[in-house]
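Below are the chains, spelled out letter by letter.
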Amino acid sequence: MTRLTGKTALVTGSSRGIGKATALRLAREGALVAVHYAANQDAADETVALIQKEGGRAFPVRAPLGVPGDVHELFLGLEAGLKEHTDGTVLDILVNNAGATSATGNAPEDVTPEDFDHYVAVNAKAPFFIVQRALTLLPDGGRIINISSGLTRFANPEQMAYAMTKGALEQLTLHLARHLAPRRITVNTVAPGITDNGGPVFDIPEAVEQMAQLSAFKRVGEAGDVADVITFLATDEARWITGAFIDATGGTLLG
Ligand code: NDP
């Protein structure tokens, strides 16, 4: 018996990076996991296969976020998968992880209205409407975990537009936590710092060394470092935490 046996989870953007590590951990704890992705089906299938190889349960769900009809498409796939693997469509754990990011950043002078709209659509609007739709599937005692960024507390002008939308996501946590407390549904924010998501920059030793200096521990985060925090919040052990901003930056915000 593990901590999430019998539970179901949706992790948006879990074909790769932090989402993938989270899907793996939730599944190790016994949850049936919907592995959501935008386009990279091979990566999603690989994540599902990895979970199954470890004896866990998962299914893929494709739905690009930030485009018209995105949330509807996501829930069609999610509900079909839940019905196939369980008796119904109960969703115990929602992790809003998928995010639109720019690895290199955009100077404020260069951000276009289209860039800005995309950040808003994926990082703020989609999570809001995913939650709205999920409310009918979440049972009392459910979990919502929103993945923000240390950049809401650490100035980096090159990531200003992105950080603004993560600030909006944190507002979702705050107000929703109050709204859902009567149902014992907890809502929390996890804010990673620089985390190796398998992207090309993490193959450049000089770049990694430079990024590592930002953390108090002088290393970049591993996806598992953040996934462990998210997984804890999903368990019953975290039932008394709601509306929180959890700093998972490896001490980057200590200054
Ligand atoms: P990755 O870029 O490694 O993974 C992205 C995942 O999200 C993939 O599964 C991808 O699907 C999916 N995805 C991306 N865009 C969309 C979209 N428009 N619609 C649907 N799915 C999408 O992400 P990370 O692991 O780096 O980041 C995860 C979260 O953590 C994000 O919210 C990010 O902002 C946050 N974060 C990350 C940090 C880091 O250093 N890595 C630092 C601070 C915060 P597909 O495979 O199909 O492309």
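Residues numbered from 1 in each chain as written. Predicted model: local features only at pLDDT ≥ 70, side-chain atom pairs only at ≥ 80, totals over all residues. Heavy atoms only, no water.

A. Layout of the pairing of strand 1 (residues 8-11). Of the two faces of strand 1, the one holding Thr8 and Leu10 and the one holding Ala9 and Val11 are both buried throughout. The pairing of strand 1 with strand 2 (residues 32-37) spans four bridges and is classified as parallel. Looking across to strand 2, one finds that Leu10 is bridged to Ala34. Between strand 1 and its parallel partner strand 2, the chain crosses via helix 1 (residues 17-28), and the hand of that crossover is right-handed. Bridging between strand 1 and strand 4 (residues 93-96) involves three bridges; their strand directions are parallel. Bridged to Val11 within strand 4 is Val95. (Buried < 20%, exposed > 50% of the residue type's maximum accessible area, 1.4 Å probe, protein only. Helix = DSSP H or I, 4+ residues; strand = E, 2+ residues; numbered from the N terminus. Pairing = 2+ DSSP bridges. Right-handed = clockwise from strand over helix to strand, strands pointing away.)

B. How the structure looks around the packing of aromatic side chains. Counting across every chain of the model gives two aromatic pairs. Aromatic side chains Tyr119 and Tyr162 sit 6.3 Å apart centroid to centroid with 65° between the ring planes, which places their arrangement in the edge-to-face category. Highlighted residues: Tyr119 in helix 4 (residues 113-134) and Tyr162 in helix 5 (residues 160-180), separated in sequence by 43 residues. Classification of Tyr119 as buried rests on a relative accessible area of 7%. On the basis of relative accessible area, Tyr162 is assigned to the buried category, the value being 10%. (Phe/Tyr/Trp six-rings, centres within 6.5 Å; stacked < 30°, edge-to-face > 60°.)

C. Geometry of the environment of Asp247. Here Asp247 is to be found in strand 9 (residues 245-248). C-alpha separation for the pair Asp247 and Thr2, spaced 245 residues apart in sequence, amounts to 26 Å. The residues contacting Asp247, other than those within four sequence positions of it, are Ala191 and Leu253. Among the polar contacts listed, one links the side chain of Asp247 to the side chain of Thr249, at a separation of 2.6 Å. (Contact = heavy atoms within 4.5 Å. Polar contact = N/O pair within 3.5 Å; in protein donor to acceptor, adjacent residues only side chain to side chain.)

D. Just the site of the ligand, in detail. Around the ligand, a shell composed of 29 residues is seen, among which Ser15, Ala39, Asn97, Tyr162 and Asn197 lie nearest. For the ligand, the accessible surface in isolation is 910 Å², of which the surrounding protein chains cover 87%. Of all the secondary structure elements, the ones that give two or more residues to the shell around the ligand are helix 1, strand 2 and helix 5. In terms of residue class, the shell around the ligand is built from 13 nonpolar, 14 polar and two charged. (Near = heavy atom within 4 Å. Areas by Shrake-Rupley, 256 points an atom, 1.4 Å probe, with all protein chains shown as cover. Nonpolar A, V, L, I, M, F, W, Y, C, P; charged D, E, K, R; others polar.)

E. Representation of unusual backbone geometry within the structure. A positive phi angle, near 60°, is found at Arg184, a position not held by glycine. Secondary-structure assignment places Arg184 in the loop between helix 5 and strand 6 (186-192). For Lys218, which is not a glycine, the phi torsion comes out positive at approximately 60°. Inspection of the secondary structure assignment puts Lys218 in the loop between helix 6 (205-212) and strand 8 (221-222).

F. Region of interest: the sheet that holds strand 4. Overall, parallel pairing links the seven strands, which are arranged 3-2-1-4-5-6-9 in an open sheet. The two strands at the open ends of the sheet, each matched to only one other strand, are strand 3 (57-62) and strand 9. Adjacent strand axes in the sheet meet at a mean angle of 20° when their direction is disregarded. Looking at chain direction, strand 4 and strand 5 (residues 143-147) are connected through four bridges and run parallel. (Axes fitted to C-alpha atoms, helices over the stretch in contact; angles between N-to-C directions.)

G. Representation of the environment of Gly141 within the structure. By the element assignment, Gly141 lies in the loop between helix 4 and strand 5. With a relative accessible area of 25%, Gly141 lands in the partly exposed category. Remark: the alpha-carbon pair of Gly141 and Arg184, spanning 43 residues in sequence, is separated by 4.5 Å. In this structure Gly141 touches Arg183, Arg184 and Ile185, once residues within four positions along its chain are discounted.

H. The arrangement of the pattern of salt bridges in detail. According to the stated counting rule, one finds nine salt bridges in the structure shown. A salt bridge links Arg25 to Asp228, with the shortest nitrogen-to-oxygen separation between them at 2.6 Å. With Arg25 in helix 1 and Asp228 in helix 7 (residues 223-234), this residue pair connects regions lying 203 residues apart in the sequence. The closest approach of N and O atoms between Asp140 and Arg183, which form a salt bridge, is 3.5 Å. You can see Asp140 sitting in the loop between helix 4 and strand 5 and its partner Arg183 sitting in the loop between helix 5 and strand 6, a full 43 residues away along the chain. Of the residues examined, Asp140 reaches a relative accessible area of 48% and is grouped as partly exposed. What emerges from the salt-bridge pattern is a single network uniting Arg3, Glu29 and Glu237. (Salt bridge = Lys/Arg side-chain N within 4 Å of Asp/Glu carboxyl O.)

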